[in-house]
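Summary of the model geometry
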Amino acid sequence: MIRTADTKIVAHELHTRYDHIRAVTLIGRTLQKALFAGRSDEVVFWALVHAHYRGGDLCAATEEQLNFFAPFIIRDPSENN
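Here's what I pulled together on the structure shown here. (Residues numbered from 1 in each chain as written. Predicted model: local features only at pLDDT ≥ 70, side-chain atom pairs only at ≥ 80, totals over all residues. Heavy atoms only, no water.)

1. Concerning the overall build of the protein chain
Test applied: Segments assigned H or I by DSSP are reported as helices when at least four residues long, segments assigned E as strands when at least two residues long, and all are numbered from the N terminus. For the radius of gyration, the atom set is restricted to C-alpha positions; the globular benchmark scales as 2.2 Å times the number of residues to the power 0.38. Here's how the labels work: a residue is buried when its accessible area is under 20% of the maximum for its type, exposed when over 50%, partly exposed in between, all with a 1.4 Å probe on protein chains only. Here, residues are in contact when the closest pair of their heavy atoms is within 4.5 Å. The charged-residue count follows a simple rule in which Lys and Arg add positive charge and Asp and Glu add negative charge, with His and chain termini not counted at all. Where a charge sits is defined by one atom per residue type, namely NZ (Lys), CZ (Arg), CG (Asp) or CD (Glu).
Broken down by element type, the protein chain carries four helices and two strands. Taking 2.2 N^0.38 as the reference for a compact globule, 81 residues should give roughly 12 Å; the C-alpha atoms of the protein chain span a radius of gyration of 12 Å, in line with that estimate. Overall, the protein chain is about 30 × 30 × 20 Å in size when its C-alpha atoms are taken along their principal axes. By residue count, 25% of the 81 residues in the protein chain fall in the buried class. Long-range contacts, defined here as pairs at least 24 residues apart, represent 68% of the contacts in the protein chain between residues at least 6 apart. Here the protein chain contributes 9 positive and 10 negative side-chain charges, whose respective centroids are spaced 8 Å apart.

Spelled out as structure tokens, the structure:
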């Protein structure tokens, strides 16, 4: 299960611990490893971390694509309002 609250926490930690280039590199490398390992849940997790790292809300097209993974994503209560 992917909790969007966790993706926001990880994104915040990346902002506070690393400079921008290092944080984006870490996200990219981890995302790439998950992708080639066939771990779709980790790919979605790190994609959400990246989205939150870059500023937060996802576009409507991305939200629509995420609906496929809806059974595996626990939304933050603030997103339901």
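2. Side note on the pattern of salt bridges
Spelled out, the test is: Put simply, a salt bridge is a Lys or Arg side-chain nitrogen that is within 4 Å of an Asp or Glu carboxyl oxygen.
Inspection of the entire model under this criterion finds four salt bridges. Residue Arg-17 pairs with Glu-13 through a salt bridge whose shortest N-O separation is 2.9 Å. Of this pair, Arg-17 and Glu-13 both sit in helix α1 (residues 4-17), four residues apart, which is roughly one turn of the helix. The class of Arg-17 is exposed, set by a relative accessible area of 63%.

3. Brief notes about the side chain of Thr-7
Turning to its location among the elements, Thr-7 is positioned in helix α1. A residue is classified by how much of its surface remains accessible, and Thr-7, at 0% relative accessible area, is buried. Sequence-distant contacts of Thr-7, defined by excluding residues within four places in its chain, comprise Ile-2, Phe-45, Leu-48, Val-49 and His-52.

4. Some remarks on a nonpolar patch on the surface
The condition that has to hold: Each patch is built from salt-bridge-free residues with over 30% relative accessible area, joining like charges within 9 Å and nonpolar side chains (Val, Leu, Ile, Met, Phe, Trp, Tyr) within 5 Å. Accessible surface is estimated by sampling points in the Shrake-Rupley manner with a 1.4 Å probe; for residues, cover comes only from the protein chains shown.
There is a patch of nonpolar side chains on the surface, built from Met-1, Phe-72 and Ile-74 and spanning about 340 Å² of accessible area. For Phe-72, the position within the fold is in the loop between α4 (60-66) and β2 (73-74). The partly exposed category is assigned to Phe-72, whose relative accessible area is 47%.

5. Digging into the packing of aromatic side chains
Applied cut-off: Working definition: rings of Phe, Tyr and Trp (its six-membered ring) pair if their centres are within 6.5 Å, and the pair is stacked with planes under 30 degrees apart, edge-to-face with planes over 60 apart, and tilted otherwise.
The final tally for this structure, using the stated rule, is one aromatic pair. Relative to Trp-46, the ring of Phe-45 lies with its centre 5.3 Å away and its plane at 85°, an arrangement referred to as edge-to-face. As far as the burial class goes, Phe-45 and Trp-46 line up, both buried.

Everything listed here is a matter of geometry and, on its own, says nothing about what the molecule does.
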